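Commentary on secondary and tertiary structure
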Amino acid sequence: MRNFIFVSPNFPSSYWRFCLALKNRGFNVLGIGDCPYQELSNECKFSLTEYYFCPGMENYDNEKRAVEYFKIKYGEIEFLESNNEFWLERDARLRSEFNVVNGPRVDEIEKYKLKSLQKKYYQDAGLKCARFILIINDDEVRNFVKEVGYPVFVKPDNGVGAQDTRKIKTEDQLEDFLHNRDRNKIYIMEEFIDGQIISFDGVTNSRSEPIFYTSNIFVNDNSQIVLNGLDDLYYCVPEVDPVLVDMGIRALKSFGVKNRFFHLEWFVLKSDHPYLGKKGTIVPLEANMRPAGAYTPDLINFANSTNCYEIFADSIAFDENRQYMGHQKYFAGAPSRRNNLEYAHTKEEVLEKYRNNICYYGEYPMALRDDMGDLFFMAKFLTLDELLEFDEFVRGKK
């Protein structure tokens, strides 16, 4: 049998669905995680051929021993994947050390992690990006700000989510950042873009072609959600802008994304920009070669009446999408709440009023709440207006 090591199959809690889809296609699915076996969900246990409890996974040698064990017992490992941003570099290191033939290795992973390097691959695809500089020399940074003007946006070149990001609007803020920044990190500074964030999401085949794609709209600035403890709304749309499809396909070819989930982020300009183009122009932001965070794969399924966990497994097993894609599509949204805010309607009132639309609800894992909120509701509708009315009912304040 073909061997697939799935790292951290219990987080997020729905990721056992990837494992089950692979198991149903004939793979030995071998799990490695830091959750004790008895604490795994029954679904996760059923989806795995075997599970290796690996406490202290941050220690590379611990995870290395797990892979060694599986290789000795089951033979060559054909795939090793976590589909999780936190483990991407570790996944690549393990692939390199154990000669896993599929997936990016150490010498390839930087283009999936470094935001500055991603600009090159977008540009190689013929796409214009926001101007940027790596923060190494303070005087060069000051000259860059003089060139592009305030505000500017700063974030770690190798970072996850909106952690340690900031918008700098004045010279005093700039000098404060330059003086107090973490010297152990490399930061990237970009000209600030007044834009709506959207994404191009899906799965590729071995030729870096999307065998499935969709798009999400992010209503709020993620950095402001984290900084100010805001609630949130993002939603998946039933149809994707053809311009975004064309740009996304070119970017995937440039990055060489093979048999992987992808989550490419873009700005849609809210106003004319002297360098990037007119209002409505789509501009590359970042590239993430894994599913969008938390339970977004489920939201994608609700919007597209499909199963993207199965599509991922189809890509791995057959190099094509074998799912029927002709079902009704919807606007599917995921408004979230904060536990410390007072809302006009109770959770019970939301569940009662929208019982025919809500597909999934619950609390986000603690590790994701800064970025996404505490309590979420996922629901689908035929029109955007209906979805926005639902969001107002969920997030409307007293």
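Residues numbered from 1 in each chain as written. Predicted model: local features only at pLDDT ≥ 70, side-chain atom pairs only at ≥ 80, totals over all residues. Heavy atoms only, no water.

Focus on the overall build of the protein
On a plain count of helices and strands, the protein comes out with 15 helices and 17 strands. At 21 Å, the protein has a C-alpha radius of gyration in line with the 21 Å of a compact globule built from 398 residues. Counting over 398 residues, the protein shows a buried share of 54%. Considering only residue pairs separated by 6 or more positions, the protein has 66% of its internal contacts joining residues 24 or more positions apart. Total accessible area on the protein stands at roughly 17800 Å², and carbon and sulfur atoms take up 48% of it. Distance between charge centres in the protein, computed from 50 positive and 62 negative side chains, equals 2 Å. (Helix = DSSP H or I, 4+ residues; strand = E, 2+ residues; numbered from the N terminus. Rg over C-alpha atoms; globule rule 2.2 N^0.38 Å. Buried < 20%, exposed > 50% of the residue type's maximum accessible area, 1.4 Å probe, protein only. Contact = heavy atoms within 4.5 Å. Areas by Shrake-Rupley, 256 points an atom, 1.4 Å probe, with all protein chains shown as cover. Lys, Arg positive; Asp, Glu negative; His and termini not counted. Charge placed at Lys NZ, Arg CZ, Asp CG, Glu CD.)

A short note on helix α3 (residues 60–74)
For α3, built from 15 residues, the straight-helix expectation of 21 Å at 1.5 Å per residue is met to within 8% by its first-to-last C-alpha distance of 21 Å. Structurally, α3 contributes buried residues whose contacts are with β1 (2–7), β2 (27–33), β3 (50–53), β4 (79–81) and α4 (88–97). One side-chain oxygen at the N-terminal end of α3 lies 3.0 Å from the backbone nitrogen of aspartate 61; it belongs to asparagine 59. Trailing α3 by a residue or two, glycine 75 shows a phi angle of about 100°, which is positive. (Expected span 1.5 Å × (residues − 1). Polar contact = N/O pair within 3.5 Å; in protein donor to acceptor, adjacent residues only side chain to side chain.)

Regarding the sheet that holds strand β8 (residues 187–191)
One open sheet holds the four strands; their spatial order is β5-β8-β6-β7, and the pairing between them is antiparallel. In this open sheet, the two strands that pair with only one neighbour each are β5 (132–135) and β7 (166–168). Put simply, the sheet's adjacent strands are angled 25° from each other on average, direction ignored. Direction of pairing for β5 relative to β8: antiparallel, over a ladder of four bridges. Residue leucine 134 lies in a different strand from β8, and its bridge partner there is isoleucine 188. Against the sheet, helix α8 (residues 171–180) touches β5, β6 (152–156), β7 and β8, its axis set at about 130° to β7. (Pairing = 2+ DSSP bridges. Axes fitted to C-alpha atoms, helices over the stretch in contact; angles between N-to-C directions.)

Details of the nonpolar core
Counting 50 residues, the largest nonpolar core has Phe4, Phe6, Leu22, Phe27, Tyr234 and Tyr364 as the members making the most contacts within it. By residue number, the principal contributor to this core is helix α12 (residues 308–318), which donates seven residues. Not counting residues within four places of it along the chain, the set of residues in contact with tyrosine 234 comprises Asn216, Ile217, Phe218, Gly293, Thr296, Leu299, Ala332, Gly333, Ala334, Tyr364, Met372 and Met378. Core analysis: the second largest hydrophobic core is formed by 41 residues, Ala125, Val240, Phe255 and Ala287 among them. (Core = buried A, V, L, I, M, F, W, Y, C linked by side-chain atoms within 4.5 Å.)

Observations regarding helix α11 (residues 296–304)
Most of α11 sits out of view: eight of its nine residues are buried. When α11 is considered as a whole, its buried residues turn out to be Thr296, Pro297, Asp298, Leu299, Ile300, Asn301, Ala303 and Asn304. Directly after α11, the chain includes serine 305, whose backbone phi takes a positive value near 50°.

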